[in-house]
Structures are given as C-alpha cells and as structure tokens.
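In case you want the letters, here they are:
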Amino acid sequence: MSSKTEATVSRRVASPGRARWWILGWLLAAMMINYMDRSSLSIAAPHMIDELGLTAADIGLLGTAFSLTYAFFQLPGGWLTDRLGAKPVYVMALGLWSIATALMAFGHHMWHFMVSRVLLGVFEAPVSPTSAKIVAEWFPPRERGAAVGVYDSGSKWGPAVAPPILTFLIMGFGWRAMFVILGVLGVIVAVGFWVFYRSPEHDRRVSAAELEHIRAREEDDNAPTGHIPWLKLFTKPQTWAMVLGFVAVVWTLNIFVTFLPLMLNDIYSVADAALGWYTAIPFAVGGIGGILGGWFTTKYSRMRDQLAPLVCKRQIAAIYGGALAVCSVLVGVTTGHFVLQLSAMSLALFFCGALSAVGWSIPADVVTGSRVASLGSIQNFGGYFAGSLSPWLTGVLVTTTDSYLVPFLLGAVVAVIAGIAYLLLLRAPIRVTTGPTETGNPTS
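Residues numbered from 1 in each chain as written. Predicted model: local features only at pLDDT ≥ 70, side-chain atom pairs only at ≥ 80, totals over all residues. Heavy atoms only, no water.

An unreviewed UniProt entry annotates the chain as MFS family permease of Brevibacterium epidermidis. The chain has a UniProt comment under Subcellular location (unreviewed entry) that states "Cell membrane". (UniProt positions renumbered as here; feature names shortened; annotations may be inferred.)

In this section: the overall build of the chain. Along the backbone of the chain there are 19 helices and zero strands. Within the chain, the fraction of its 444 residues that count as buried is 57%. Within the chain, residue pairs in contact and separated by at least 24 positions form 86% of the contacts whose partners lie at least 6 positions apart. Carbon and sulfur atoms form 69% of the exposed surface of the chain, whose accessible area is close to 17,500 Å². (Helix = DSSP H or I, 4+ residues; strand = E, 2+ residues; numbered from the N terminus. Buried < 20%, exposed > 50% of the residue type's maximum accessible area, 1.4 Å probe, protein only. Contact = heavy atoms within 4.5 Å. Areas by Shrake-Rupley, 256 points an atom, 1.4 Å probe, with all protein chains shown as cover.)

Position of Arg 176 relative to the elements: it lies in helix α10 (residues 175-196). Separated by 71 residues in the primary sequence, Arg 176 and Ala 105 have C-alpha atoms spaced 4.2 Å apart. At 3.4 Å, the side chain of Arg 176 and the side chain of His 108 are in polar contact. (Polar contact = N/O pair within 3.5 Å; in protein donor to acceptor, adjacent residues only side chain to side chain.)

Moving on, we come to the side chain of Thr 81. Structurally, Thr 81 can be placed in helix α4 (residues 74-84). Those residues in contact with Thr 81, other than ones at most four positions away along the chain, are Ala 86, Val 89, Thr 130, Lys 133 and Ala 373.

This part takes up the nonpolar core. Among the nonpolar cores identified, the biggest contains 102 residues, and Tyr 151 and Val 366 are the most heavily contacted of them. Counting 20 residues, the second-largest nonpolar core is a separate cluster that includes Leu 41, Met 48, Leu 62 and Phe 113. (Core = buried A, V, L, I, M, F, W, Y, C linked by side-chain atoms within 4.5 Å.)

A few words now on the pattern of salt bridges. Under the counting rule described, the total for this entry stands at two salt bridges. For Asp 365, the salt bridge identified is with Lys 313, shortest N-O distance 2.3 Å. Of the two residues, Asp 365 sits in helix α16 (residues 363-366) while Lys 313 sits in helix α14 (residues 309-333), which places them 52 residues apart along the sequence. When its relative accessible area of 6% is taken as the criterion, Asp 365 is described as buried. The class for Lys 313 is buried, based on a relative accessible area of 2%. (Salt bridge = Lys/Arg side-chain N within 4 Å of Asp/Glu carboxyl O.)

A separate point is the packing of helix α2 (residues 19-52) against helix α6 (residues 110-124). At a minimum axis distance of 12 Å, the contact between α2 and α6 shows a crossing angle of 175 degrees. Taken together, α2 and α6 sit at an angle that is classed as roughly antiparallel. Facing α2, whose interface residues are Asn 34, Asp 37, Arg 38, Ser 40, Leu 41, Met 48 and Leu 52, α6 presents Phe 113, Arg 117, Leu 120 and Glu 124. Residue composition of the contact of α2 with α6, grouped by class: five nonpolar, two polar and four charged. (Axes fitted to C-alpha atoms, helices over the stretch in contact; angles between N-to-C directions. Parallel < 35°, antiparallel > 145°, perpendicular 65-115°, else oblique. Nonpolar A, V, L, I, M, F, W, Y, C, P; charged D, E, K, R; others polar.)

The subject of this paragraph is the side chain of Ser 390. Mapping Ser 390 onto the fold places it in helix α18 (residues 389-401). A distance of 3.3 Å separates a polar side-chain atom of Ser 390 from the backbone oxygen of Trp 251. The residues touching Ser 390, leaving out its near neighbours within four places in the chain, are Val 250, Trp 251, Asn 254 and Ile 255.

Glancing now at α14. One turn of the α-helix equals 3.6 residues, which is why residues spaced by three or four share an orientation. Counted at 1.5 Å a residue, the expected span for α14 with its 25 residues is 36 Å, and the 37 Å between its end C-alpha atoms agrees. A large share of α14 lies buried, amounting to 18 of its 25 residues. (Expected span 1.5 Å × (residues − 1).)

Time to look at the packing of helix α12 (residues 237-268) against helix α15 (residues 338-361). In contact at an axis separation of 10 Å, α12 and α15 are set at 155 degrees when each is read in the N-to-C sense. As far as their axial angle goes, α15 and α12 are roughly antiparallel. Like other packed secondary-structure pairs, α12 and α15 cross with a definite hand, here left-handed. Contact with α12, carried on its side by Gly 245, Phe 246, Ala 248, Val 249, Thr 252, Leu 253, Phe 256, Leu 260, Met 263, Leu 264, Ile 267 and Tyr 268, involves Phe 338, Gln 341, Met 345, Ala 348, Leu 349, Cys 352, Leu 355, Ser 356 and Trp 360 of α15 and no other residues of that element. Looking at the contact of α12 with α15, its residues break down into 17 nonpolar, four polar and no charged. (Left-handed = near helix turned anticlockwise from the far one by under 90°.)

Counting through the fold element by element, Leu 211 comes out in helix α11 (residues 208-215). We classify Leu 211 as partly exposed; its relative accessible area is 25%. Counting along the chain gives 195 residues from Leu 211 to Pro 16, while the straight-line C-alpha distance between them is 7.9 Å. Other than its neighbours up to four places away in sequence, Leu 211 contacts Pro 200, Glu 201 and Val 206.

A few words on α15. The terminal C-alpha atoms of α15 lie 35 Å apart, and with 24 residues this matches the ideal 34 Å at 1.5 Å per residue to within 8%. Burial of α15 is extensive: 18 of the 24 residues sit out of reach of the surface.

Moving on, we come to the packing of aromatic side chains. A complete count under the given rule lists 18 aromatic pairs for this structure. With a centroid separation of 4.7 Å and an interplanar angle of 10 degrees, the aromatic rings of Phe 193 and Tyr 197 are classed as stacked. Given a relative accessible area of 1%, Tyr 197 falls into the buried group. With centroids separated by 5.5 Å and ring planes inclined at 55 degrees, the aromatic side chains of Phe 256 and Phe 408 adopt a geometry described as tilted. Highlighted residues: Phe 256 in helix α12 and Phe 408 in helix α19 (residues 405-425), separated in sequence by 152 residues. Of the two residues examined, Phe 256 and Phe 408, each falls in the buried class. Taken together, the aromatic side chains of Trp 26, Tyr 90, Trp 138, Phe 193, Phe 196 and Tyr 197 make up a single cluster linked through ring pairs. Between the NZ or CZ atom of Lys 87 and the centre of the ring of Trp 194, over which it lies, the distance is 4.8 Å. The side chain of Arg 117 reaches across the aromatic face of Phe 66, ending 5.5 Å from its centre. (Phe/Tyr/Trp six-rings, centres within 6.5 Å; stacked < 30°, edge-to-face > 60°. Lys NZ or Arg CZ within 6 Å of the ring centre and 35° of its normal.)

Turning our attention to the environment of Val 184. Topologically, Val 184 is positioned in helix α10. Each C-alpha atom of the pair Val 184 and Ser 98 lies 7.0 Å from the other, and the pair is 86 residues apart in sequence.

In structure tokens:
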C-alpha cells in the first residue's frame, strides 16, 4: 500500500463520519418552506390590496396575528416535543402548516385570511424548538453553532428565494394558485421526513465512531446538569437573556418579511418583474450571515477552548447585537438612496441571521437534553410575543407618517438591549443539584 493510500485510510479511520451533517438537509428544507410560507403574504400583498381593497395596515395586522399566535403556541410546542420526541411533532407540524398556507387561496374577506394566518402560527410554532432539539441530539456542543447556522439560514434563504419564485408563480398562475403550490410542497417534504428520518441510534449511516462523537459532551465543570421543572425555567436569568436577545432577531425579521417588497415598491416604484430579485438580495445575504455567523461561533469556540462554549457564544451574540443596531439605523437614514439602503438592508439581515444562529445554539448549552426544546420554545415565545408588535406598528407608522424611519430606529434600540442582555444575564448554564437527570425522548 502506498503512503498516499495509507494516509487516506488513516484519515477515514480518524474521521467520526458525516451522517450528522446530512440531517441538516431536512432541517434546512423545512425551514426554507416555513419562511417561504410566511413571506408569501408580503409577495401577494400588492395583488390582494388591488383586488380586495385591503390596506398596508391590514397586511400588518395579518402579520401580527400570525406572530402572536406563533408566539403563544411556542410553549405547548416545545413541551410536546420534549414529551413526545422531535420526529412526530415535526412531521405533524409541517404537514398542518402547509395545509394552513393552502387555505389562503380560498379567502375573500379579511377574517378568512385572519383564520389562515392564525392556523399557520399554531402549526409553525414547533419547528424551531424541534430543530434545536434535533441538533442537540445529533451534534456535540462545539459543533452546534455551525449546525444551527446551516438550518437556521433557511429562515433567510426562504424569503430570499421566495420573491423570484413566488412572483413567477403569481404572474403565471395568480396569487391564489401560489398558496396552493406552497402547501403541496410542504406536505411532500413532511411525508419524506417521516419516511427517511431516524435518530442517531437508529440510523444505519451512523458509525459507532460517529455515534460516540455525537454523544461526547465537553469536559466542563460548568456544564448544565440535572432536570429543572418547566415553570422554574421562567425564574432563571439565562432564560430572560435568551428572550431579550431573540426579540431583536424577530423584530427585525418581521419587518423585512412583512414589508420589504412594499418598501421597495412604495419608495422606489420597483416593477413586479424586478421586485422579486431585489427583494431576494437582502434575504440571501441574511442566509449567508446565518451560515457564517454559526461557522464563526464554532471556530471561535474551538480557538478559545479554555472557555466554556456558552461563554464564547455570549460574547459573540453581544457583538452581533451591536452590529445589528448600527445597520438598523443605516436602513432608516438611507431612505431615498436605493443602492445604499439595499446594502444597509442586506447588512442588517446578515447580522440578524448571525444572531439567530447563535441564539438557537444556546439552549443546549444552558439546560440538559430533557429541556432543550422547552427552553428554545420559551426563547421563541418571548421573541415573537414582543416582536409581533413590529409588523402592526410598522404598518401604522407607515400609514400615518409615510416613512419607514422610526420602525428601524426602534429596531436599533431593541438590538442594543439584546446585546446587553446577553452580556449581563447569560453568564453560566443552569445547574440543578437535586433530582434525576433525564436524557429526553428519542426522535425515532
């Protein structure tokens, strides 16, 4: 055997395997569909306004109705995931929210659309905490930043690919057919996930070496220990740091998801044919920000291996929050300068994506496996409960002042608060010294 061949074999033996990275493909696809479904309202909004006589405030109210419902159903969604396992909850949620999306095609009055958006909020609620739990079960602590960055980038890739694709569907088939096509796509992915997904212990692609690598925890005296009662999570400063941090992500993202096409149309009179492509640019940059933000989190954590993973993530999250604040101000003050404002929007979504990736990698470093989805759902609940105000408030402010400046200035303030919360409140994992430690339910 040649030395080159021996080296190749040695690398293969040393490698724990890569099956865990393939699992991110399912999570990324579902997250993209999730956010395409959310973005579909903003793409259809100009046509719904023209055909049905709706207003920008009505569109904002629909966005807020979704966000509030989504926020409140985070809590039972995360609890169910920890109780029943990730796979059944994930598949049921994906299939039902896809049906809710398709129902938009049959609406003729405001209350019809309100019901559809509320149902969308109910059934989309489990996706993020469930995804965080799957990553916690498939990846060791120092790899979770990069893993979360990949699947969570779907929250930006979805809105990025949605404008050109959905605009094409609307121009070819109408806005009602667009909602039906999205619903069918989601149901297909749900069926595929049910058929092919297995937990690491039951997936034949996972070698013994990779399973050992996945199950290895950091040797850290400050690692989370013990099983904490669900209600007690609300008494911990770590929980509130995560909630306040995630408000910044949701506040910013909700404005863009609900109003970006309308902004470009109102301010710059961008035609329908070009609107989809220009809308895609900031969200595509946001997707890159999610991947690079997660990758840098993992890289930094490995470089500073003398620090616990949570400490590294706390520092990086504060930096991303400050950068998001600066970019939000830039979006507001560059109105009227198309290239500058589009660039500022892109940078804002870049750091929004990066902050989201770090935020979703934190729950598994704060609590043990039996509460990862629950803590993630509380984080998302708080973020969307407060962040649900941004679509409604933006719609009202735009309608009354004919300006998008104030919503983005408010977003900058929220981002500053997020950075401070991460620094001051997220100092150590939750450690419970009494009671049994649970490992959580399998996802197979």
